[in-house]
Amino acid sequence: GENVEQHPSTLSVQEGDSAVIKCTYSDSASNYFPWYKQELGKGPQLIIDIRSNVGEKKDQRIAVTLNKTAKHFSLHITETQPEDSAVYFCAANFGNEKLTFGTGTRLTIIP
Amino acid sequence: SAVISQKPSRDICQRGTSLTIQCQVDSQVTMMFWYRQQPGQSLTLIATANQGSEATYESGFVIDKFPISRPNLTFSTLTVSNMSPEDSSIYLCSDTIGGNYGYTFGSGTRLTVV
C-alpha cells in the first residue's frame, strides 16, 4: 500500500525564522498532496495542498514544493509566529480518493 | 469546504460496551471517511463510508468491530463495539466533495475505555 514518510518528527525554531518539513511518498500514481495543521484537542485543518501538475504553490507565509521525480514534497513556513506551533501532517492520495498521512511533525516556535 | 459537526467530543466508557459517534456535514459530499488517531500518533484510515451500501474497510479493521452507517450524503456514524482499553483513541471523520478537493475533518471524539 501507500507509504508516506515525514521528517523531522520534532522541530524547534526561533520566532521569525523559517521552518521546513519534508515528506516522501511511495506510490508514483499519487497526484494530490495536502498539508494539515492540528492543534491540541482539534481535528486536522487543511493549510495548503498541491497537485502533481505544479511544482510549487504559495499562500502568504506558507509554501509547498513538489518533486515528482524524487517523490518528495516539502512545507515551508516563513517568518514563523507563536501561533504556528502545532503538529503538522503531510498526506498523499491513493486508491479511490483515500489519503495516507505522514507520521507528523511537532513544530515549536520559540519566542 | 464543507463543515463537519462531530459528536460526542469525548466520552469515557466501560469495557464491553459500545459507543456510536456521529458526523453531520453541512452540505452534500461525495465521500466520507473514518480515521483513528492514537495519542501522539498519525491518522490511520479505518474505512470509507459509502452512501446506501456497506462501508469499505482497510486492512486490520472489520465491520463487526467498527460498524458504519451512511444513510445519506450528509451523515455518517461509526460504532466502536465491545470496547477494550486498546480502543482508547481519538476517532475522526472526514469528507471530500470528490476529485481530491476539500478534505475536511471533524473535531474528533476522544474515547477512553476503562
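Before reading on, note that the structure itself is shown above.
Description of the structure in this document.

Parameters and conventions
- Residues numbered from 1 in each chain as written.
- Chains lettered and ligands numbered in written order.
- Predicted model: local features only at pLDDT ≥ 70, side-chain atom pairs only at ≥ 80, totals over all residues.
- Heavy atoms only, no water.
- 1 Å grid on protein atoms, 1.4 Å probe; cavity = no way out; pocket = protein on both sides within 12 Å on 5 of 7 lines; lining within 4 Å.
- Points joined across faces, edges and corners; volume = space filled by probe spheres on them.
- Helix = DSSP H or I, 4+ residues; strand = E, 2+ residues; numbered from the N terminus.
- Nonpolar A, V, L, I, M, F, W, Y, C, P; charged D, E, K, R; others polar.
- Contact = heavy atoms within 4.5 Å.
- Buried area = accessible area lost by both parts, 1.4 Å probe.
- Salt bridge = Lys/Arg side-chain N within 4 Å of Asp/Glu carboxyl O.

### Here's the deal with the layout of surface pockets
- If you add up the space inside the largest pocket, you get close to 500 Å³.
- Considering the residues around the largest pocket, the lining is formed by 27 residues, among which A:Gln38, A:Leu40, B:Gln37, B:Gly40 and B:Ile90 are closest to the centre.
- Taken together, the elements giving at least two residues each to the lining of the largest pocket come down to β9 (86-94) and β11 (105-110) of chain A together with β11 (109-113) of chain B.
- Of the residues forming the lining of the largest pocket, the biggest block, three residues, is contributed by β9(A).
- Taken together, the residues that form the lining of the largest pocket break down as six nonpolar, 16 polar and five charged.
- Here the second largest pocket is characterised by a volume of approximately 270 Å³.

### As for the interface of chain B and chain A
- Counting from both sides, the interface comprises 20 residues of chain B and, opposite them, 20 residues of chain A.
- With both chains or domains summed, chain B and chain A bury close to 1600 Å², and 50% of this area falls on carbon and sulfur atoms.
- Looking only at chain B, the three residues that lose the most surface to chain A are B:Asn100, B:Tyr103 and B:Phe105, adding up to 35% of its buried area.
- Linking chain B to chain A there are one salt bridge.

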